[in-house]
Protein chains: 2
Amino acid sequence: MELEYVLPGEIEKRSFEMIGKELDDMGITLPKDKAFLIKRAIHTTADFDYAKTLYFSDGAIDRVKELLKEGATIVTDTNMALAGINKKVLAELGGKALCFMADEDVAKEAKDRGLTRAAVSMEKAARLDGPVIFAIGNAPTALVALREMYDKKDYRPSFVIGVPVGFVNVEAAKELIIDTDIPCIINRGRKGGSNVAAAICNALLYSLR
Amino acid sequence: MELEYVLPGEIEKRSFEMIGKELDDMGITLPKDKAFLIKRAIHTTADFDYAKTLYFSDGAIDRVKELLKEGATIVTDTNMALAGINKKVLAELGGKALCFMADEDVAKEAKDRGLTRAAVSMEKAARLDGPVIFAIGNAPTALVALREMYDKKDYRPSFVIGVPVGFVNVEAAKELIIDTDIPCIINRGRKGGSNVAAAICNALLYSLR
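Worth saying up front: this structure is predicted, and the values here are computed from it rather than measured. (Residues numbered from 1 in each chain as written. Chains lettered and ligands numbered in written order. Predicted model: local features only at pLDDT ≥ 70, side-chain atom pairs only at ≥ 80, totals over all residues. Heavy atoms only, no water.)

What to know about the confidence of the model for chain A
Caution applies to low-pLDDT parts of the model: their predicted coordinates are not meant to be read in detail. Our working definition: pLDDT is defined as a per-residue confidence score from the predictor, taking values between 0 and 100.
With 100% of its residues at a pLDDT of 70 or more, chain A has an overall mean of 97. Among the prediction metrics, the complex's ipTM stands at 0.95, with pTM recorded as 0.97.

And the structure:
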């Protein structure tokens, strides 16, 4: 196997060309307004399943872009996703990204109440001022907590990027968000991850740059 | 789809049971000494391909565990992988994790020399004192840089966890490490990621806890 010489600044462009070509070869045509985002999820995972499993509520892309332009806060459920989000571009739009998973008060409350830290993190995020975009790449319990607050009319998330990965309740938790009128981007099935959550945020941020 | 009630502290255990059962159903028996690590890669991605594509050099698991017990430094090629590694367990073993990707000197040198920041980061890591475990989840150019230093006999990495993801030169760069006598764990093919790099580090760290 030979190395192909590609200039550092051209690697990403070349990767997206390769993804586009392989999608063509597979006979898959992505929706025009969503291709930039779906391709970035594929770029981050080398997994073409994302061409088939990403779900967008009606008008999701326009809505989340509006929120980002208004300086919405992104809340993640892992420090990994937080690390992966391009905070520089987010700051240019007036937004910031937060993660409460490592907070001591969250750990204590989770233990006391028999909940996951992810669930308690969501409740903490619900007390923030202003619109929040939830970028969930790990914990289905975060999505369950958001749905519970929504059902009780305690809180309505402005937007949910719901791409937790895993085995226990992951598929069901994603459907719990799809079954509401909360604007969302969800990866149906088991796959996802902190990397995918960050990639979706970055795809949106780069489209606004 | 119904939610299954699982105690927060039991979710990971239940996930690993589900992974074990599905591997059984697929007729896949993992090598006993490597199952803990392969299962964690699957747990992080919900992708059973990792049961087939992870490559281990002879004695790789023993070697990397020894290095971790000796307090080796882990160097990553993304701040995401750095964020995902359990630094608490690593510190208990006397080790630390570093990432030079956001360093200004690295950015400047990469620009001046027409290299990727990942490549220059590897050269910076090669100047560290003591053994270094490279945990590469993103940039094939990091693996190419390590191979170049090895070929010139400038530097010999103590261990390489080589799981970059992507399209341009990713497969070839992985084979460049497999073709040396550097002890390594490599995910053959295009798949991998910062999440997988961190998961492999954590599987090893948890096995030593």
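Re the packing of helix α7 (residues 104–113) of chain B against helix α8 (residues 117–126) of chain B
Residue and element names in this part refer to chain B. Spelled out, the test is: Angular values range over 0 to 180 degrees, each being the angle between N-to-C directions of two axes fitted as lines to C-alpha atoms, with helices fitted over their stretch in contact. Think of it this way: any DSSP run of H or I at least four residues long counts as a helix, any run of E at least two long counts as a strand, and we number them from the N terminus. In these notes the angle categories are as follows: under 35 degrees is roughly parallel, over 145 is roughly antiparallel, 65 to 115 is roughly perpendicular, and the rest is oblique. A clockwise turn of the near helix away from the far one marks a right-handed crossing, whereas an anticlockwise turn of less than a right angle marks a left-handed crossing. The contact rule is simple, with two residues in contact once any of their heavy atoms fall within 4.5 Å. Side-chain classes follow a simple rule in which Ala, Val, Leu, Ile, Met, Phe, Trp, Tyr, Cys and Pro form the nonpolar group, Asp, Glu, Lys and Arg form the charged group, and the remainder, Gly included, forms the polar group.
Where α7 meets α8, the axes come as close as 8 Å, and the angle between the chain directions of the two elements is 120°. Between α7 and α8, the interaxial angle falls into the category oblique. Along this stretch, α7 crosses α8, giving a crossing that reads as right-handed. Side by side, α7 and α8 meet where Asp105, Val106, Ala107, Glu109, Ala110 and Arg113 of the first sit next to Arg117, Val120, Ser121, Glu123 and Lys124 of the second. Of the residues contributing to the contact of α7 with α8, the split by class is 4 nonpolar, 1 polar and 6 charged.

Let's talk about the interface of chain B and chain A
Here is the rule we go by: The term buried area refers to how much accessible surface (probe radius 1.4 Å) is lost by two components on association, counted for both of them together. Salt bridges, as used here, are contacts in which a Lys or Arg side-chain nitrogen is within 4 Å of a carboxyl oxygen on Asp or Glu.
Counting residues at the interface gives 45 residues for chain B and 45 residues for chain A. Where chain B abuts chain A, roughly 3,300 Å² becomes buried across the two surfaces, and 72% of that area is made up of carbon and sulfur atoms. Contact with chain A buries surface across chain B, with Met80(B), Phe167(B) and Val168(B) losing the most and accounting together for 22% of the total. At the surface where chain B touches chain A, the tally comes to 3 salt bridges. We note a salt bridge from Lys191(B) to Asp47(A), for which the minimum N-O separation is 4.0 Å.

Some remarks on the pattern of salt bridges
Following the criterion strictly, the structure yields 39 salt bridges over all chains and no others. Its salt-bridge partner being Asp151(A), residue Arg147(A) comes within 2.9 Å of it at the nearest N-O pair. Taken together, the positions of Arg147(A) and Asp151(A), both in helix α9 (residues 140–151) and 4 residues apart, correspond to about one turn of that helix. Salt bridges here are not isolated pairs; linked through shared partners, they connect Asp47(A), Asp49(A), Lys191(A), Asp47(B), Asp49(B) and Lys191(B).

Here's the deal with α9(A)
All names here are of chain A. Our working definition: Working rule for helices: expected span equals 1.5 Å times residues minus one. Using a 1.4 Å probe on the protein chains alone, a residue whose accessible area is under 20% of its type maximum counts as buried, one over 50% counts as exposed, and one in between counts as partly exposed.
In a regular helix each residue adds 1.5 Å, so 12 residues correspond to 16 Å; α9 covers 17 Å between its end C-alpha atoms and thus fits that length. Regarding α9, the residues found buried are Pro140, Ala142, Leu143, Val144, Ala145, Leu146, Arg147 and Met149. Buried residues along α9 sit in contact with α8 (117–126), β4 (132–136), β5 (159–162) and α10 (170–178). Phi turns positive, to about 60°, at Lys153, one or two residues after α9.

Observations concerning the pairing of strand β2 (residues 73–76) of chain B
Residues and elements named next belong to chain B. The following threshold applies: If DSSP finds at least two bridges between two strands, the strands pair.
Along β2, one buried face is formed by Thr73 and Val75 and the opposite face, lined by Ile74 and Thr76, is buried too. In this structure, β2 lies alongside strand β4 (residues 132–136), joined through 4 bridges in parallel fashion. Counted as the bridge partner of Thr76 is Ala135 from β4.

Some thoughts on the sheet that holds β4(B)
Residue and element names in this part refer to chain B. Reading across from one edge, β1-β6-β5-β4-β2-β3 is the order of the 6 strands in this open sheet, with mixed pairing throughout. Edge positions in the open sheet fall to β1 (54–56) and β3 (97–99), since each of these has one partner strand only. Between one strand axis and the next, the sheet turns through 20° on average, direction left out of account. Of the strands in this sheet, β1, β2, β4, β5 (159–162) and β6 (184–187) are in contact with helix α4 (residues 60–69), which crosses β5 at around 115°.

Describing the environment of Lys88(B)
Residue and element names in this part refer to chain B. Mapped onto the elements of the fold, Lys88 is located in helix α6 (residues 87–92). Accessibility expressed as a relative area gives 64% for Lys88, which makes it exposed. Expressed as a C-alpha distance, the spacing of Lys88 and Ile61, which sit 27 residues apart in the sequence, is 21 Å.

Section: the layout of surface pockets
As a reminder of what qualifies: Detection works on a 1 Å grid of protein atoms alone, calling trapped sets that fit a 1.4 Å probe cavities and calling open sets with protein on both sides within 12 Å along at least five of seven lines pockets, with lining residues defined by an atom within 4 Å of a point. Grid points are joined across faces, edges and corners, and a volume is the space filled by probe spheres set on the points.
Counted as a void, the second largest pocket has a volume near 1,700 Å³. Surrounding the second largest pocket, 47 residues form its lining, Glu12(A), Tyr206(A), Met101(B), Arg117(B) and Asn138(B) being those nearest its centre.

Notes on the packing of helix α4 (residues 60–69) of chain A against helix α11 (residues 194–208) of chain A
All names here are of chain A. Viewed as axis vectors pointing N to C, α4 and α11 meet at an angle of 70°, and their least axial separation amounts to 10 Å. Taken as axis vectors, α4 and α11 run roughly perpendicular relative to one another. Counted together, Ile61, Val64, Lys65, Leu68 and Lys69 of α4 and Leu204, Leu205, Ser207 and Leu208 of α11 form the full contact between these two elements. Class assignment for the residues of the contact of α4 with α11 results in 6 nonpolar, 1 polar and 2 charged.

Some thoughts on the relation of the copies chain B and chain A
Think of it as a corkscrew move, a rotation about one axis and a shift along it, taking one chain copy to the other. Note the threshold: Least squares is used to superpose the copies, and the fit set is the C-alpha atoms of residues whose pLDDT is at least 70 in both copies.
At an RMSD of 0.0 Å, chain B and chain A line up after a rotation of 180° and a shift of 0.0 Å along the axis. On this basis, the relationship between the two copies can be described by a two-fold rotation axis. When each C-alpha of chain B is compared by its distance to the rotation axis, Met80(B) comes out closest, at 2.5 Å. Interface overlap between copies: 100% of the residues of chain B at the interface are likewise at the interface in chain A, consistent with a symmetric, same-surface contact.

Regarding the state of the cysteines
In a disulfide, the sulfur atoms of two cysteines are covalently bonded to one another. To keep it simple, the criterion reads: Here, the term disulfide refers to a pair of cysteine sulfur atoms separated by no more than 2.5 Å.
What the rule picks out here adds up to 0 disulfides over all chains. With no disulfide of its own, Cys184(A) lies 14 Å from the sulfur of Cys201(A), the closest cysteine sulfur. Overall, the relative accessible area of 1% leaves Cys184(A) in the buried class. Residue Cys201(B) stays outside any disulfide, its sulfur separated by 12 Å from that of Cys99(B), the closest cysteine.

As for empty space enclosed by the protein
Inspection of every chain in the model, using the stated rule, returns 2 cavities of 30 Å³ or more. Its volume calculated, the largest cavity comes out at about 120 Å³. Thr45(A), Asp47(A), Tyr50(A), Thr45(B) and Asp47(B) are the residues nearest the centre of the largest cavity, which is lined by 13 residues in total. Taken together, the residues that form the lining of the largest cavity break down as 3 nonpolar, 6 polar and 4 charged. Lining of the second largest cavity is provided by Asp105(B), Val106(B), Glu109(B), Val120(B), Glu123(B), Lys124(B) and Arg127(B). For the lining of the second largest cavity, the secondary structure elements donating two or more residues are α7 and α8 of chain B. Of the residues in the lining of the second largest cavity, the class split is 2 nonpolar, no polar and 5 charged.

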